[in-house]
Amino acid sequence: QVPLMESGGGLVQAGGSLRLSCSASDGQSLSTYTIGWFRQALGKEREFVAAIVRGTEYADTVEGRFAVSRDNAKNMVYLQMNSLKPEDTAVYYCAAKQPLGSTRQSVWYDYWGQGTQVTVSS
């Protein structure tokens, strides 16, 4: 089990920035896991946002605006979100999996956080 915890969500105006953080609440190392970020807007399906293994991957909708990174010394993974748009409003989840299978499909992820709300006002 990898109990994940997100933080950093909140309310921001369009064009603003937020940084989400993901950590293991029991201090377990995340360095060997693929960490993915997903989001789910009200009434919509959960969708892939970004992931980090040795490299990074992004959904087309966030490419160039969002950046995922990890700090293994602090055992943290971050999602820097810039130029936020109202359509980025969603609950954001971090998830962990072994580096096998697709990074973009949620079904491959074994462990999930509880999510953090991001609201972008126009």
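Here the structure is shown first, and the text comes after it.
One structure accompanies this document, and this report is about it. Worth saying up front: this structure is predicted, and the values here are computed from it rather than measured.

### Re the nonpolar core
Now for step 1: In this structure, Trp37, Leu79, Met81 and Tyr92 are the most contacted members of the largest nonpolar core, which totals 34 residues.
Now for step 2: Breaking this core down by element, the ones donating at least two residues are strand S3 (18-24), strand S4 (34-40), strand S5 (47-52), strand S7 (66-71), strand S8 (76-81), strand S9 (90-97) and strand S11 (116-121).

### Remarks on the state of the cysteines
Now for step 1: Per the counting criterion, the structure on display carries one disulfide.
Now for step 2: The disulfide that involves Cys22 links it to Cys94, with 2.1 Å between the sulfurs. In this structure the cystine formed by Cys22 and Cys94 twists about its S-S bond by roughly 70 degrees; its chirality is therefore right-handed. Linking Cys22 in strand S3 with Cys94 in strand S9, this pair joins segments that are 72 residues apart in sequence.
Now for step 3: The exposure class assigned to Cys94 is buried, which follows from its relative accessible area of 0%.

### Here we look at the pattern of salt bridges
Now for step 1: Using the criterion set out here, one finds four salt bridges in the structure.
Now for step 2: A salt bridge links Arg39 to Glu47, with the shortest nitrogen-to-oxygen separation between them at 2.6 Å.
Now for step 3: Here Arg39 falls in the buried class, since its relative accessible area comes to 5%.
Now for step 4: Residue Asp88 is joined to Arg39 by a salt bridge in which the shortest nitrogen-to-oxygen separation is 2.9 Å. With Asp88 in the loop between S8 and S9 and Arg39 in strand S4, this pair connects stretches of sequence that are 49 residues apart.
Now for step 5: Through salt bridges with shared partners, a single network forms among Arg39, Glu47, Arg65 and Asp88.

### Considering the side chain of Thr116
Now for step 1: Relative to the helices and strands, Thr116 resides in strand S11.
Now for step 2: Within the structure, Thr116 has its side chain in polar contact with the backbone nitrogen of Gly9 (distance 3.2 Å).
Now for step 3: Contacts of Thr116, omitting those with residues within four sequence positions, involve Glu6, Ser7, Gly8, Gly9, Leu20, Ala90, Val91 and Tyr92.

### A closer look at the environment of Thr34
Now for step 1: When you line up the elements, Thr34 lands in strand S4.
Now for step 2: Given a relative accessible area of 0%, Thr34 falls into the buried group.
Now for step 3: Note: C-alpha distance between Thr34 and Asn75 (41 residues apart in sequence) is 13 Å.
Now for step 4: In contact with Thr34, other than residues within four places in its own chain, are Ile52, Val53, Arg70, Ala95, Ala96, Lys97, Gln98, Pro99, Thr103 and Tyr109.

Parameters at a glance
- Residues numbered from 1 in each chain as written.
- Predicted model: local features only at pLDDT ≥ 70, side-chain atom pairs only at ≥ 80, totals over all residues.
- Heavy atoms only, no water.
- Core = buried A, V, L, I, M, F, W, Y, C linked by side-chain atoms within 4.5 Å.
- Buried < 20%, exposed > 50% of the residue type's maximum accessible area, 1.4 Å probe, protein only.
- Helix = DSSP H or I, 4+ residues; strand = E, 2+ residues; numbered from the N terminus.
- Disulfide = S-S within 2.5 Å.
- Salt bridge = Lys/Arg side-chain N within 4 Å of Asp/Glu carboxyl O.
- Polar contact = N/O pair within 3.5 Å; in protein donor to acceptor, adjacent residues only side chain to side chain.
- Contact = heavy atoms within 4.5 Å.

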